[in-house]
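# Notes for the structure review
Here are the chains, one letter per residue:
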Amino acid sequence: MKTKTPLVIRSPQDAIAAVPYLLGFHPTDSLVVIAYDGPHNTCAMRLDLPQPDAKAAAERIAALLTQNAFRQALLLGYGSVDDVAPVVTAAWEVLTAHKLQITEALRITPDRWWSLTCVDGDCCPPEGHPYDISTTVVAAQATLSGHVALENRADLARTLAPLEGEPRKAMREATDRAEERFLSWTREALTPAEIQSRLVASGLTALSTLTPDLTDDEVAWLGVALTSMRVRDEAWIRVNADDPQRDIDFWRAILRRVEEPYAAAPACLLAIAAYAAGDGGLANLALDRAQDADPTYSLAHLLRAVVEAGIPPSQMRLTMSPEALATAYEDKGRPQ
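### Section: the overall build of the chain
Counting its secondary structure elements, the chain contains 14 helices and seven strands. Reported as C-alpha extents along the three principal axes, the dimensions of the chain are approximately 85 × 45 × 35 Å. Of the contacts formed within the chain by residues at least 6 apart in sequence, a portion of 68% connects residues at least 24 apart. Total accessible area on the chain is roughly 16100 Å²; 53% of this is exposed by carbon and sulfur atoms. Computed over 31 positive and 45 negative side-chain charges, the inter-centroid distance for the chain is 3 Å.

In structure tokens, the structure reads:
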């Protein structure tokens, strides 16, 4: 689910033009639901088509929209009639049963759209309506507002992919140095608790001096430091939930640079920042990276549950200060 400052939608073509900017990419073989008239701006959520159980998919959509108090929705099905019709029909029935008003339902191909509610052949011809979203006011408004629409979901995923070539080789070498730095502490006859305390102190220092242009060695050490939950949670509370774009850019860059064994924490931090921005699509892709790196990473599973439940971003903020977080760890004796 994705929520953003609402684009002005006045017509079916406006809705079609808005979807790529709401999702961040141009959908194919998808059901997209745009929900509005609620307390959380405009919401766009996407499901793959075809759906093996159209009614179950519709029930999931209804649960998300009703628990977030949306009252109206648009249904946009991208694909063939056989794939689109069953899920749109089920969604219409289930959403209206939950007192949600469906204002329009469309089927969309790359160059035409059809209303699934209109039976007037004069205004809704069998051959559909041609469209060109690049010429719409919505597209211009979205561009001016900083919305970006990539060609497809795979293109969005590639913006999170590890760097390759010489940058990857340099990061491998920097990670070797960072790991050797950490392992050298074990040769100082330090206890595990002392090693963790040193790692936390070093990690907190690193977080307090972050800049967008970290060296390879600084990125590699940050990756090692983020294996400490204390350091990771410190990074979490530093995410600016009111204006998270800088955090999105920063943690995306870190995720692409760190070696894969260290990807889970920065991927989760990117997911947190993306979800704060209302970008559920990017958050889900970041969580894919986290779980690919470490299938057992508990924070990734927690955040996935939050995203799938459609919990508003405002309800998952960590509002603790660094001092309060430090006290919480000390009071609970939590592992660092």
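### Some points on the pairing of strand β6 (residues 112-115)
Sheet analysis places strand β5 (residues 101-108) next to β6, joined by three bridges and oriented antiparallel. The residue of β6 that forms the bridge with I108 is W113. Linking β5 to β6, which pair antiparallel, is a turn of three residues. As paired elements, β6 and strand β7 (residues 129-130) share two bridges and run antiparallel to each other. Residue pairing across strands places W113 opposite H129, the latter belonging to β7.

### Considering the confidence of the model for the chain
In the predicted model, the chain carries a mean pLDDT of 87, and 90% of its residues have values of at least 70. Note that residues 1-5 has pLDDT below 50 and, in this model, 30 contacts with residues that lie over four places away or in other chains.

### Here we look at the environment of R107
Locating R107 in the fold gives a position in strand β5. Separated by 81 residues in sequence, R107 and H26 have C-alpha atoms that sit 15 Å apart. Excluding residues that lie within four positions of it along the chain, R107 makes contacts with G77, G79, S80, V81, V84, R112, W113, W114 and L116. A polar contact is formed between the side chain of R107 and the backbone oxygen of G79, at a distance of 2.8 Å.

### Some details on the side chain of H129
Position of H129 among the secondary structure elements: in strand β7. In this structure H129 comes out as buried when scored by relative accessible area, which is 19%. Once residues lying within four places of it in the same chain are set aside, the contact partners of H129 are D111, R112, W113, C123 and C124.

### Notes on the packing of helix α7 (residues 192-208) against helix α9 (residues 229-237)
Closest axis-to-axis distance for the α7/α9 pair is 9 Å, and the angle between their directions is 20°. Regarding the angle of α7 to α9, the classification is roughly parallel. Relative to α9, the crossing made by α7 is right-handed. Mapping the contact onto sequence places L199, V200, G203, L204 and L207 in α7 and R230, V231, E234 and A235 in α9. For the contact of α7 with α9, the class distribution of residues is six nonpolar, one polar and two charged.

### Description of helix α3 (residues 81-97)
A rise of 1.5 Å per residue sets the reference length of α3, with its 17 residues, at 24 Å; its end C-alpha atoms lie 24 Å apart and thus fit the reference within 8%. Buried within α3 we find V84, V87, V88, A90, A91, V94 and L95. The buried residues of α3 occupy one face: seen down the axis, they fall within an arc of 170°. Away from the buried face of α3 by more than 90 degrees, exposed residues D82, E93 and A97 are located. At its buried positions, α3 is contacted by β2 (30-36), α2 (54-67), β4 (72-78) and β5. Remark: K99 follows α3 within two positions and exhibits a positive phi of approximately 70°.

Conventions and cut-offs
- Residues numbered from 1 in each chain as written.
- Predicted model: local features only at pLDDT ≥ 70, side-chain atom pairs only at ≥ 80, totals over all residues.
- Heavy atoms only, no water.
- Helix = DSSP H or I, 4+ residues; strand = E, 2+ residues; numbered from the N terminus.
- Contact = heavy atoms within 4.5 Å.
- Areas by Shrake-Rupley, 256 points an atom, 1.4 Å probe, with all protein chains shown as cover.
- Lys, Arg positive; Asp, Glu negative; His and termini not counted.
- Charge placed at Lys NZ, Arg CZ, Asp CG, Glu CD.
- Pairing = 2+ DSSP bridges.
- pLDDT = per-residue confidence, 0-100.
- Polar contact = N/O pair within 3.5 Å; in protein donor to acceptor, adjacent residues only side chain to side chain.
- Buried < 20%, exposed > 50% of the residue type's maximum accessible area, 1.4 Å probe, protein only.
- Axes fitted to C-alpha atoms, helices over the stretch in contact; angles between N-to-C directions.
- Parallel < 35°, antiparallel > 145°, perpendicular 65-115°, else oblique.
- Left-handed = near helix turned anticlockwise from the far one by under 90°.
- Nonpolar A, V, L, I, M, F, W, Y, C, P; charged D, E, K, R; others polar.
- Expected span 1.5 Å × (residues − 1).
- Arc of directions from axis to C-beta.

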